[in-house]
Amino acid sequence: MADESLKQKTARGLFWGLVNNGTMQFLNLLFGICLGRLLSPDDYGMVGMLTVFSLIAGSLQESGFTAALANKKEIRHEDYNAVFWFSIGVSFLLYWILFFCAPWIADFYHQPELIPLGRYAFLGFFISSLGIVPAAYIFRNLMVKQKAIATALGLVVSGIAGITLAYCGFSYWGLATQSLLYVAVLNLYLWMVCPWRPTLAFNFRPVREMFRFSSKLLLTNIFTTINNNIFSILLGRFYSEKEVGQFNQASKWNYMGHTLITGMVNSVAQPMFVRIADDSDRQVRAFRKMLRFTSFIAFPAMFGLAFVAPELIVIAITDKWLTSARLLQILAIGGAFLPIAGLYTNLLISKGKSNIYLYGTVVLGVVQWILMLLLSPYGLFLMVSVYVGVNILWLLVWQYFVHRELPVSLFQALKDILPFAGIAAGVMGVTYYITLPIGNIYMLALAKILLAAALYTGIMWVSKSVTFRECLDFLMKRKNKG
């Protein structure tokens, strides 16, 4: 009964994770199209240059405590309370550090306008510190539905504000305001649905107890943030804000695509692995099932995004972003593998191996930085291609470490992953040749999407894919209950 209960809870979590991330990416797409038409690559580039600093500060304020709280077998009010006050104190200090460092950041990029913009945009991570503990509580208790509603509200309010400001001529200030409002509305709703409340008791002993685990996640998150924003840093330093804007636009669309799957999987993977940590056989079955499900979703979605990128970008935000469309094609291929990497690292964290997660991410970051610096004189497209290739190959490293924790061999992992990757790639190839005669860009985009979806679904049905059948069964049960 307990096993079935966890299975049902995981299935519901995946469903609401899909709803949450699907809604989030749809709204991001809708508002992104409007903003992409109103703003220029230079506007996006200005905000993109500051992103890495806000994200690093955000990692410092959170310090890995969300995962630490989720991984504690027994949780107390004192644990949440200590993290709450610690996060606020650290965030307050970090904001003022960045406030006074804004002139140096502007000098690094040779953009004086970044001084006031940075001091305004950096307020976002301080506001987000207020929601760290409610978010951790909701994450630990698999309250994915509540997170979905909070995300949707935040996106709607902030998106409308961003578009209004952009239309009124506030350019990159509209983008910065959009980010601030999103965090504020999201956290406000999380506080409304979270039953936990802080008390004025400043006992930081739980923070010290969790820090051995969380500190490794903190360093890992910092390196991950730097790795994910390596191009914004290098392009901002050696190229113009236009190149930064084109890349950030491509990166944003790729992020919308792969986080639809990554967010859905991450919303349940780590808590689920923690709850069955004492049963190795059960963990193996759960991991491989999640691996197949992730591959089943990720490869057609991301290969499809790469396939329709030129038409999609031109239709949505006009041909001034055509360079970003070509970059998106490369990034989306790599994006298909990111949810799988996330599943691997979630398992390692659930096993308490945050040190392995740290070391693997640091080495990956060092390799990427060296390669990007060496390739920077040879153009953006080669840099992005190599960056994506390294990320894909690094799955072998994560597989090695996971195999040390669970008896899942490389052959078994490839058996779970490659059929879906091969079928998705084959479907895109067949669709490409069938749609070659279509000249109208709107008809071409529609034909590509419908034909590829029909072919992939048909192959899953004919081959009697277990993962496909399980997804259909779950959706039919929900429909009948409704």
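Our subject is the structure that appears above.
Residues numbered from 1 in each chain as written. Predicted model: local features only at pLDDT ≥ 70, side-chain atom pairs only at ≥ 80, totals over all residues. Heavy atoms only, no water.

**Student:** Help me out: how do you make sense of the overall build of the protein chain in this one?
**Tutor:** From N to C terminus, the protein chain includes 21 helices and zero strands. Residues counted as buried form 51% of the 482 residues belonging to the protein chain. For the protein chain, the proportion of contacts with a sequence separation of at least 24, taken over those separated by at least 6, is 85%. Put simply, the protein chain shows about 21,600 Å² of open surface, and 68% of that area lies on carbon and sulfur atoms. (Helix = DSSP H or I, 4+ residues; strand = E, 2+ residues; numbered from the N terminus. Buried < 20%, exposed > 50% of the residue type's maximum accessible area, 1.4 Å probe, protein only. Contact = heavy atoms within 4.5 Å. Areas by Shrake-Rupley, 256 points an atom, 1.4 Å probe, with all protein chains shown as cover.)

**Student:** What exactly am I supposed to notice about helix 15 (residues 338-350) here?
**Tutor:** One turn of the α-helix equals 3.6 residues, which is why residues spaced by three or four share an orientation. Its 13 residues give helix 15 an end-to-end C-alpha distance of 18 Å, which sits within 8% of 18 Å, the value for a rise of 1.5 Å per residue. All of the buried residues in helix 15 are Pro 339, Ile 340, Ala 341, Gly 342, Leu 343, Tyr 344, Thr 345, Asn 346, Leu 347, Leu 348, Ile 349 and Ser 350. Among the residues trailing helix 15, Gly 352 stands out with phi positive, at a value near 80°. (Expected span 1.5 Å × (residues − 1).)

**Student:** Looking at this model, I keep getting lost on the pattern of salt bridges. Mind explaining?
**Tutor:** Any two side chains of opposite charge can pair, so long as their charged atoms come close to each other. Applying the stated criterion across every chain yields a total of four salt bridges. Between Arg 292 and Asp 416 there is a salt bridge whose closest N-O contact spans 3.3 Å. Here Arg 292 is found in helix 13 (residues 280-317), whereas its partner Asp 416 is found in helix 19 (residues 410-434), with 124 residues between them in sequence. According to the relative accessible area criterion, Asp 416 is buried, its value standing at 3%. Lys 448 is the salt-bridge partner of Glu 311, the closest N and O atoms lying 3.2 Å from each other. Of this pair, Glu 311 sits in helix 13 while Lys 448 is found in helix 20 (residues 441-462), placing the two residues 137 residues apart along the sequence. We classify Lys 448 as buried; its relative accessible area is 7%. (Salt bridge = Lys/Arg side-chain N within 4 Å of Asp/Glu carboxyl O.)

**Student:** Just checking my understanding: could you explain the nonpolar core for this structure?
**Tutor:** Burial of nonpolar side chains together is a common tendency in soluble globular proteins. Of all hydrophobic cores here, the largest spans 83 residues; its most connected members are Phe 287, Leu 291, Phe 299, Leu 328, Tyr 344 and Val 384. Beyond its immediate stretch of four places on either side in the chain, Leu 328 contacts Ala 250, Trp 253, Asn 254, Leu 305, Ala 309 and Ile 313. (Core = buried A, V, L, I, M, F, W, Y, C linked by side-chain atoms within 4.5 Å.)

**Student:** How should I be thinking about the side chain of Gln 178 in this particular structure?
**Tutor:** By the secondary structure assignment, Gln 178 is in helix 9 (residues 172-193). Those residues in contact with Gln 178 that sit more than four places away from it in its chain are Phe 31, Leu 35, Ser 158, Gly 159 and Gly 162.

**Student:** Would you explain the packing of aromatic side chains in this entry?
**Tutor:** In this description, a pair of aromatic rings is defined by centroid distance and the angle of the planes. Scanning the model with the defined rule gives 25 aromatic pairs in all. Judged by centre distance (6.2 Å) and plane angle (35°), the ring pair of Trp 191 and Trp 196 falls under tilted. You'll find Trp 191 and Trp 196 in the same group, each marked buried. In this structure an aromatic cluster arises from ring pairing among Tyr 80, Phe 84, Trp 85, Tyr 137, Trp 191 and Trp 196. The aromatic ring of Phe 99 is capped on one face by Arg 119, whose charged end is 4.2 Å from the ring centroid. (Phe/Tyr/Trp six-rings, centres within 6.5 Å; stacked < 30°, edge-to-face > 60°. Lys NZ or Arg CZ within 6 Å of the ring centre and 35° of its normal.)

**Student:** I'm lost on the environment of Pro 310 in this one. Help?
**Tutor:** Structurally, Pro 310 can be placed in helix 13. What makes Pro 310 partly exposed here is its relative accessible area of 25%. On a C-alpha basis, the gap between Pro 310 and Ile 441 in space is 9.4 Å, while along the polypeptide they are 131 residues apart. The residues contacting Pro 310, other than those within four sequence positions of it, are Ala 325 and Gln 329.

**Student:** How do you make sense of the packing of helix 13 against helix 19 when you look at a structure like this?
**Tutor:** Any two packed helices are characterised by the angle at which their axes cross and by the distance between the axes. Orientation of helix 13 relative to helix 19, taken along the N-to-C sense of each, is 20°, at an axis distance of 9 Å. In terms of axis orientation, helix 13 runs roughly parallel to helix 19. As for how helix 13 packs across helix 19, the hand of that crossing is right-handed. Touching Arg 288, Leu 291, Arg 292, Ser 295, Phe 296, Phe 299, Pro 300, Phe 303, Gly 304 and Phe 307 of helix 13 are Gln 412, Ala 413, Lys 415, Asp 416, Ile 417, Phe 420, Ala 421, Ala 424, Ala 425, Met 428, Thr 431 and Tyr 432, all from helix 19. (Axes fitted to C-alpha atoms, helices over the stretch in contact; angles between N-to-C directions. Parallel < 35°, antiparallel > 145°, perpendicular 65-115°, else oblique. Left-handed = near helix turned anticlockwise from the far one by under 90°.)

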